Amino acid sequence: RSGLYDFMAHPDIFLAGYPHLDDSVLSASRDIIQAAVDASLPMEINGLGLSRAPIAGSKGPRAPYPVREFWEMAAQEGAVILCNSDAHRSVDVIEPARNARRFAEEAGIPVHDPVDVLSFILQNSGKN
């Protein structure tokens, strides 16, 4: 709500520590999603977690994040969803973002183009 942030980075990362999606975890997920929707803050599917070692989830092995059930809820609630990477290293820029997009497509989760949603100003393009 402060307006200091452009989007909510990997809001489902906490689920890496909660492999079993019980009622309290799902409730917390709904609260996070609703806060983002209420603040008109886009949410990021972060693809880096797809390259991490799988964890034992309720329905079998899954990536620590992104978590399909979380993103299905987010889509149902009308959240603005972006795909991105966790680029702490240059090698983690492109492929994780592609993996995030593939994850969303396979799950049927609609995503937005970050350029459109975040209103980036194109540098050196002659446009303002």
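Residues numbered from 1 in each chain as written. Predicted model: local features only at pLDDT ≥ 70, side-chain atom pairs only at ≥ 80, totals over all residues. Heavy atoms only, no water.

Asks: Quick question: what am I supposed to make of the side chain of S29 here?
Replies: Relative to the helices and strands, S29 is located in helix α1 (residues 23-38). The buried category is assigned to S29, whose relative accessible area is 2%. Apart from residues no more than four positions distant in its own chain, S29 is found in contact with F14, L15, F70 and M73. (Helix = DSSP H or I, 4+ residues; strand = E, 2+ residues; numbered from the N terminus. Buried < 20%, exposed > 50% of the residue type's maximum accessible area, 1.4 Å probe, protein only. Contact = heavy atoms within 4.5 Å.)

Asks: How should I be thinking about the pairing of strand β1 (residues 43-46) in this particular structure?
Replies: Each regular strand carries side chains that alternate between the two faces of the sheet. The alternating pattern of β1 places M43 and I45 on one face and E44 and N46 on the opposite face, and all of these are buried. Relative to strand β4 (residues 81-84), β1 runs parallel, the two being bridged by four bridges. Bridge assignment links I45 to a residue of β4, and that residue is C83. (Pairing = 2+ DSSP bridges.)

Asks: I tried to follow helix α2 (residues 68-76) on my own but got confused; where do I start?
Replies: Within an α-helix, residues lying three or four positions from one another point in the same direction, as the helix has 3.6 residues per turn. Residues of α2 that are buried include every one of F70, W71, M73 and A74, and no others. The arc enclosing the buried residues of α2, seen along the axis, measures out at 155 degrees, which places them on a common side. At its buried positions, α2 is contacted by α1, β1, β4 and α3 (94-107). Directly after α2, the chain includes G78, whose backbone phi takes a positive value near 80 degrees. (Arc of directions from axis to C-beta.)

Asks: Where do I start with the pattern of salt bridges in this structure?
Replies: Close approach of charged atoms allows side chains with opposite charge to pair. Taken as a whole and assessed by the stated rule, the structure comprises four salt bridges. Salt-bridge contacts for R98 lead to E95; the nearest nitrogen and oxygen are separated by 3.6 Å. With R98 and E95 both in helix α3 and three residues apart, this pair spans about one turn of that helix. Relative accessible area serves as the criterion here: at 38%, E95 is assigned to the partly exposed category. (Salt bridge = Lys/Arg side-chain N within 4 Å of Asp/Glu carboxyl O.)

Asks: Could you clarify how one ought to interpret the nonpolar core in this entry?
Replies: Nonpolar side chains in soluble globular proteins tend to be buried together. M43, I45, F70, W71, A74, I81 and I109 are the most contacted members of the largest nonpolar core, which totals 20 residues. Taken together, the elements giving at least two residues each to this core come down to α1, β1, α2, β4 and α3. With residues up to four places along the chain from it excluded, the contact list for I81 reads M43, I45, W71, A74, A75, I109, P110, V111 and H112. (Core = buried A, V, L, I, M, F, W, Y, C linked by side-chain atoms within 4.5 Å.)

Asks: Quick question: what am I supposed to make of the environment of P19 here?
Replies: Mapping P19 onto the fold places it in the segment before α1. With 42 residues separating them along the chain, P19 and P61 place their C-alpha atoms 9.1 Å apart. In this structure P19 touches I55, A56, G57, S58 and R62, once residues within four positions along its chain are discounted.

Asks: Quick question: what am I supposed to make of the side chain of R62 here?
Replies: Residue placement: R62 occurs in strand β3 (residues 60-62). One buried charged residue, R62, forms no salt bridge at all, with the nearest opposite charge on E69 at 5.6 Å. Residue contacts for R62: discarding those within four places in its chain leaves L15, Y18, P19, L21, P54, I55, G57 and V67. (Lys, Arg positive; Asp, Glu negative; His and termini not counted.)

Asks: Explain the packing of α1 against α2 here, please?
Replies: What describes two packed helices is the angle between their axes and the distance between those same axes. Remark: α1 packs on α2, axes separated minimally by 10 Å, with the N-to-C direction vectors making an angle of 45 degrees. Relative to α2, the element α1 is oriented oblique. At the point where α1 passes α2, the crossing takes the right-handed sense. Between α1 and α2, the residues in contact are L26, S29, R30, I32 and I33 and F70, M73 and A74, respectively. Of the residues assigned to the contact of α1 with α2, the class counts are six nonpolar, one polar and one charged. (Axes fitted to C-alpha atoms, helices over the stretch in contact; angles between N-to-C directions. Parallel < 35°, antiparallel > 145°, perpendicular 65-115°, else oblique. Left-handed = near helix turned anticlockwise from the far one by under 90°. Nonpolar A, V, L, I, M, F, W, Y, C, P; charged D, E, K, R; others polar.)

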